[in-house]
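Residue-level listing of the chains:
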Amino acid sequence: MKFWVLGLAVVMYGLVIAFPHKKAWFTLAAAAIVVVLGVVPPGRAFLELINWNVMLIYIGSLVVADLFIYSRVPSYVADKVVERSPTLGWAVVFVLLMTGILSAFVENVATVLVMAPIALALSEKMDVDPRHFMIGLAVMSNLQGTATLVGDPPSMIFAGFAGYSFNDFFFRDGRPSVFFAVQLGMLAGAAYFYWFYRKLGRKKVDLPDTPVVSWVPTILLLLLIVGLAVISFMFEGFGYLSGGWVFFLGLVGLLWYLFVQKRPKAETWTLVKSLDWETIAFLAGIFVVVGALSETGILADLSALLARFVGDNVFLGFVSIVAMSVLLSGFIDNVPYIIVMLPVARTLTEGMGLRPELYMFGLLIGSCLGGNLTPFGASANVVAVGIVKKKGIVVKFGEWLKVAGPFTVITTVVSGLFVWLVWR
């Protein structure tokens, strides 16, 4: 049975890589097969292996993020930031920093979509190539999506697996956690982009004023953050209360959109249908398949194989996990990768007498930042490339790598070094 499940997983991963737009169908089909084969009972697959807390957080945060974009508050704030920037180079850096901060709490693709008009308008005013600015938006949003529990699916998956609360992303056992590793990476990345745009002068840029539709979605986003922080402080672990809170705020937002904003029912239904249901279904299937891999002992075998390669060299193990994660995540979806590798990383640290955070943080940072390496390594990258393509500008692989490659290396090294020094 072990070899059947392994073969099924390999085929599923191959199909996901070859046909990414159909990935949900492949993972759900593979999940159905392992249930039919009796590897995991249907009840266990549906109730235990699928992490419904992660699902609820993802769905609720998607709704709040969409309403936040609808409110136009991010564009309004970005306009004010640009107005107060001393030079054009600083204006670009401030917009990228704001993109990153926003992406820590709003889904990456949504962040790129809301910041793209500002980047394009700035590029036109500055008479510079918009490709580099759009690449900056994508890579900065991917970087900061790692920083908090609600930033990106891999962070939610990590939290569910490691039992991390919202607050644990900031401090864990009295030590600064992954949030601060990402912030150091962001500062290094901002310095890199300032160097990139350092020659721009002090020309004044006038952007059209963006009227705010409503501040209610901003309040919902703040309630989401504060609520998760309070729940993390008052209750141990990563319970369903956090998922229920985020999902509840999503429902409140939809009711506000429908009844207070008086949007048509058809428009509200369109908003719901436009949520990333493909990724939600994809996650459900992946949870079950990886659960089957664990049930049959395949993940334990992979841990033993990696342990033999690393031996007693802790630093080699850390560098290997980070480097492998960066390289693989540049070409494959990081969600199934991190679900498979988290138990492997934890088992490896336990065998070496280390804190599990050392390798699991390295895995999380490498898999999220590795998506910056290629124009198809993350959904935000694909969206950024598509936006400039509509302007008649093609982003080639080499052009992407020229800008994003150094950014990926710099931010990964800085963030990884922080993890090593704090958690070794």
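Data block above holds the structure.
Let me sum up the structure you'll find in this document. (Residues numbered from 1 in each chain as written. Predicted model: local features only at pLDDT ≥ 70, side-chain atom pairs only at ≥ 80, totals over all residues. Heavy atoms only, no water.)

Across its full length, the protein carries 20 helices and 2 strands. What you see for the protein is a C-alpha radius of gyration of 21 Å, in line with the 22 Å of a compact globule of 424 residues. For the protein, the spread of C-alpha atoms along the three principal axes comes to 65 × 50 × 45 Å. Looking at the protein as a whole, 57% of its 424 residues are labelled buried. Looking at the protein alone, contacts between residues at least 24 apart form 78% of all its contacts between residues at least 6 apart. Looking at the protein as shown, the accessible area adds up to about 18,300 Å², and 69% of this sits on carbon and sulfur atoms. (Helix = DSSP H or I, 4+ residues; strand = E, 2+ residues; numbered from the N terminus. Rg over C-alpha atoms; globule rule 2.2 N^0.38 Å. Buried < 20%, exposed > 50% of the residue type's maximum accessible area, 1.4 Å probe, protein only. Contact = heavy atoms within 4.5 Å. Areas by Shrake-Rupley, 256 points an atom, 1.4 Å probe, with all protein chains shown as cover.)

What follows is about the environment of glycine 174. As for its position among the elements, glycine 174 is in the loop between strand E1 (171-172) and strand E2 (175-176). Once the C-alpha coordinates of glycine 174 and proline 211 are considered, the two residues, 37 residues apart in sequence, prove to be 43 Å apart.

Another aspect to go through is empty space enclosed by the protein. Counted under the stated rule, the structure contains 1 cavity of 30 Å³ or more. In this structure, the largest cavity spans a volume of roughly 30 Å³. Surrounding the largest cavity, Tyr58, Ser61, Phe105, Val106, Glu107, Val150, Gly151, Asp152 and Met156 form its lining. Considering only residue class, the lining of the largest cavity consists of 5 nonpolar, 2 polar and 2 charged. (1 Å grid on protein atoms, 1.4 Å probe; cavity = no way out; pocket = protein on both sides within 12 Å on 5 of 7 lines; lining within 4 Å. Points joined across faces, edges and corners; volume = space filled by probe spheres on them. Nonpolar A, V, L, I, M, F, W, Y, C, P; charged D, E, K, R; others polar.)

Summed over the entire model, instances satisfying the criterion amount to 9 salt bridges. Across the salt bridge formed by aspartate 168 and arginine 172, the nearest N and O atoms sit 2.8 Å from each other. Residue aspartate 168 is classed as buried on the basis of its relative accessible area, which comes to 14%. Among the ionic pairs, glutamate 267 bridges to arginine 263, the shortest N-O distance being 2.9 Å. If you follow the salt bridges from partner to partner, you end up with Asp168, Arg172, Asp173, Arg355 and Glu357 in one network. (Salt bridge = Lys/Arg side-chain N within 4 Å of Asp/Glu carboxyl O.)

It is worth spelling out a nonpolar patch on the surface at this point. Together, Val226, Val230, Phe233, Met234, Phe235 and Leu241 make up an exposed nonpolar region whose accessible area comes to about 660 Å². Examining the composition of the nonpolar patch, we find that 4 residues originate from one element, helix H11 (residues 216-234), more than from any other. When you line up the elements, phenylalanine 235 lands in the loop between H11 and helix H12 (240-260). (Patch = residues over 30% accessible without salt bridge, like charges linked within 9 Å, V, L, I, M, F, W, Y side chains within 5 Å.)

Turning next to the side chain of threonine 408. Secondary-structure assignment places threonine 408 in helix H20 (residues 397-423). According to the relative accessible area criterion, threonine 408 is buried, its value standing at 1%. Within polar-contact distance, the side chain of threonine 408 engages the backbone oxygen of alanine 404 at 2.7 Å. Filtering out sequence-adjacent residues up to four positions away, threonine 408 remains in contact with Val326, Leu369, Asn372 and Leu373. (Polar contact = N/O pair within 3.5 Å; in protein donor to acceptor, adjacent residues only side chain to side chain.)

The space that makes up the largest pocket amounts to roughly 1,100 Å³. Around the largest pocket, the lining comprises 41 residues; the ones closest to its centre are Lys23, Val109, Thr279, Ala378 and Ser379. Taken together, the elements giving at least two residues each to the lining of the largest pocket come down to helix H1 (2-18), helix H4 (52-71), helix H7 (108-126), helix H9 (153-162), helix H14 (277-295), helix H17 (334-351) and helix H19 (379-389).

Any link to function would need more than the numbers given here.
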